[in-house]
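A structural walkthrough
Below are the chains, spelled out letter by letter.
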Amino acid sequence: MRHSSVATLKTLRIFPVVLLLLLSTGCATFRNDLVAQSPSWPIPTAEKQSVSVSVNFILPGSGAENDIGSWGGNRDIRAVKRIFETSIVRAIQDSGMFSKVVLGQQQQYERTDLNATITLAAINKESQWSMVNAASLGLIPSLFQRGTFDLKLVFAKEAGDIISVENEHEETRTWILSYTKPFIPSKKQPILAAEIAYDLTRSALYKTSQKTPASTQSSQFN
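Residues numbered from 1 in each chain as written. Predicted model: local features only at pLDDT ≥ 70, side-chain atom pairs only at ≥ 80, totals over all residues. Heavy atoms only, no water.

**Looking at the packing of aromatic side chains**
If you walk through the whole model with that rule in mind, you get five aromatic pairs. Arranged with centres 6.2 Å apart and planes meeting at 80°, the rings of Phe84 and Phe149 form a pair that is edge-to-face. With Phe84 in helix α2 (residues 77–94) and Phe149 in strand β5 (residues 142–157), this pair connects stretches of sequence that are 65 residues apart. An identical accessibility class is assigned to Phe84 and Phe149; each is buried. Each residue in the set Phe57, Trp71, Phe84 and Phe149 is aromatic and connected to the rest through ring pairs, giving one cluster. Sitting over the face of the ring of Trp41, Arg202 holds its NZ or CZ atom 5.5 Å from the ring centroid. (Phe/Tyr/Trp six-rings, centres within 6.5 Å; stacked < 30°, edge-to-face > 60°. Helix = DSSP H or I, 4+ residues; strand = E, 2+ residues; numbered from the N terminus. Buried < 20%, exposed > 50% of the residue type's maximum accessible area, 1.4 Å probe, protein only. Lys NZ or Arg CZ within 6 Å of the ring centre and 35° of its normal.)

Shown next as structure tokens:
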């Protein structure tokens, strides 16, 4: 009877420790920083032209193994699209390259010098290494998901002639961490999503501007 009581007491002592580890475990997402930053921002442009912007997405459905919805703070892909689109458009406006940026339904009523089509493909892939964290009761950090972000920017003249195509790529890693998470600097996924979409667009715009020599002295899209 005494041995049984001792065993029960040891179990009760271990239980709070296990509970603490489980409650303090969380996820942290980090960028791989593969996107080259433009040395000048806004981009110097002497002769500015108007541009109409169309944003397209290739996003998988939310699911247990492929949850892109979490980048919007929930499982609603529409929230993710809003974050991405807002950041892409803001980067175009902040670039200083254009006299006017026309969006959405306005394109039906306003003619512009240029047309810009941006396509962003984003996907999360779950890693099997997450089982390591579960088996260790949260003591061993493990990779949970890999994220990939591919942006394609196509510029065309009003007549439809393509004048520039740029592709940008970024990756992220989401780790399951135990009690060390509060001590590791990280950002929430919606914040990272906005930063990634902005940086991908900014880099693509800068590469486009560099295709014309002396871009600060003449129109970049003549």
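Okay, back to it.
**Re the pattern of salt bridges**
This model, assessed by the stated rule, comprises eleven salt bridges. Of the charged contacts in the structure, one is a salt bridge between Asp94 and Arg90, with a shortest N-O distance of 3.9 Å. Of this pair, Asp94 and Arg90 are both found in helix α2, four residues apart, which corresponds to roughly one turn of the helix. On the basis of relative accessibility, which here comes to 31%, the residue Asp94 falls in the partly exposed class. (Salt bridge = Lys/Arg side-chain N within 4 Å of Asp/Glu carboxyl O.)

**Quick notes on the pairing of strand β6 (residues 162–177)**
With six bridges connecting them, strand β1 (residues 26–31) and β6 associate as antiparallel partners. What sits directly across from Phe30, in β6, is Arg173. Sheet analysis places β5 next to β6, joined by 14 bridges and oriented antiparallel. Bridge pairing in β6 places Asp150 opposite His169. (Pairing = 2+ DSSP bridges.)

**A few points about the pairing of β5**
Alignment of strand β4 (residues 114–126) against β5, held across 13 bridges, turns out to be antiparallel. Bridge assignment links Lys125 to a residue of β5, and that residue is Arg146. Turn length for the β5-β6 hairpin, with the two strands adjacent in sequence and antiparallel, is four residues, and the turn residue Gly160 shows positive phi of about 110°.

**Observations concerning the environment of Val89**
Within the secondary structure, Val89 is located in helix α2. The class of Val89 is buried, set by a relative accessible area of 10%. Residues Val89 and Tyr198 lie 109 residues apart in sequence; the distance between their C-alpha atoms is 8.3 Å.

**Concerning the environment of Pro39**
In this structure, Pro39 sits in the loop between β1 and β2 (49–58). For Pro39, a relative accessible area of 67% translates into the label exposed. Residues Pro39 and Tyr206, spaced 167 residues apart in sequence, show a C-alpha to C-alpha distance of 8.7 Å.

**A look at the sheet that holds β6**
Working definition: the strands of a sheet are paired by backbone hydrogen bonds and lie parallel or antiparallel to each other. Strand order in the open sheet formed by six strands is β1-β6-β5-β4-β2-β3, and the pairing between neighbours is mixed. In this open sheet, the two edge strands, each paired with only one partner strand, are β1 and β3 (98–103). Here the strands of the sheet are splayed against their neighbours by 25° on average, with no regard to which way each runs. Note: β2 against β3, five bridges, orientation parallel. The residue of β3 that forms the bridge with Gln49 is Phe98. Sheet strands touched by α2: β2, β3, β4 and β5. Its angle to β2, the strand with the most contacts, is close to 155°. (Axes fitted to C-alpha atoms, helices over the stretch in contact; angles between N-to-C directions. Contact = heavy atoms within 4.5 Å.)

**A few points about the nonpolar core**
Ranked by size, the top nonpolar core spans 34 residues in total, and within it Phe84 and Phe98 carry the most contacts. Elements supplying a minimum of two residues to this core: β2, α2, β3, β4, β5 and α4 (189–209). When residues of this core are assigned to their parent elements, the largest contribution, eight residues, is made by α4. (Core = buried A, V, L, I, M, F, W, Y, C linked by side-chain atoms within 4.5 Å.)

**Regarding the confidence of the model for the protein chain**
For the protein chain, the average pLDDT comes to 79, and 71% of its residues sit at 70 or higher. For the stretch residues 6–12, pLDDT sits under 50, and the model shows zero contacts to residues farther than four places along the chain or on other chains. Ignoring residues within four places in sequence, the model shows residues 17–23, a span with pLDDT below 50, making four contacts including any to other chains. (pLDDT = per-residue confidence, 0-100.)

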